[in-house]
Amino acid sequence: MDNFDLLLEQMAADLSTQACRLDDIRQQMFLSWLKSHSSRVKEAYQLSMEVHGREIFENCLRKGLKGLLESFSQQGLLWEYSLILDEVTWWRDVDPHTLARILKSEGRD
């Protein structure tokens, strides 16, 4: 495994770990965003809709994210990693009132 592939593995693992730390609602909202952002994570999104172990879900998410990250140049890779990490952080930090409004606007209340 070369250094670039190792970097991709680490980035994908970090992003999937961070996403899996979100509570269920925030995780679903993040995954909806990610699915609309890239079709390469479709399998992880589908698994999130079914009943599976957290480890299986996290592995599928990691693989999907790695596939997504592989499609970028090195400069684009850093931008994409930052964008996805910012999105996870946003969903983690969004206040309950704002989250309730978002869910209501999407008919998920």
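Our subject in this report is the structure included herewith.

Cut-offs applied
Residues numbered from 1 in each chain as written. Predicted model: local features only at pLDDT ≥ 70, side-chain atom pairs only at ≥ 80, totals over all residues. Heavy atoms only, no water. Core = buried A, V, L, I, M, F, W, Y, C linked by side-chain atoms within 4.5 Å. Buried < 20%, exposed > 50% of the residue type's maximum accessible area, 1.4 Å probe, protein only. Helix = DSSP H or I, 4+ residues; strand = E, 2+ residues; numbered from the N terminus. Expected span 1.5 Å × (residues − 1). Arc of directions from axis to C-beta. Contact = heavy atoms within 4.5 Å.

Details of the nonpolar core
Residues Phe-30, Leu-34, Leu-61, Leu-65, Leu-69, Ile-84 and Trp-91 are the most contacted members of the largest nonpolar core, which totals 26 residues. For this core, the elements supplying multiple residues, two or more each, are helix H1 (3-20), helix H2 (24-37), helix H4 (54-70), helix H5 (74-93) and helix H6 (96-105). Of all the elements, H1 adds the most residues to this core, at six residues.

Thoughts on H5
Under the 1.5 Å per step criterion, the end-to-end length of H5 is 28 Å for 20 residues, consistent within 8% with the ideal 28 Å. Listing the buried residues of H5 in full gives Gly-76, Leu-77, Glu-80, Tyr-81, Ile-84, Glu-87, Val-88 and Trp-91. Within H5, the buried residues cover an arc of 135° as seen down the axis, which keeps them to one side. Projecting away from the buried face of H5 at angles above 90 degrees are the exposed residues Gln-74, Gln-75, Leu-78 and Trp-79. If you follow the buried residues of H5, they end up packed against H1, H2, H4 and H6.

Keep in mind these numbers describe shape, not what the thing actually does.
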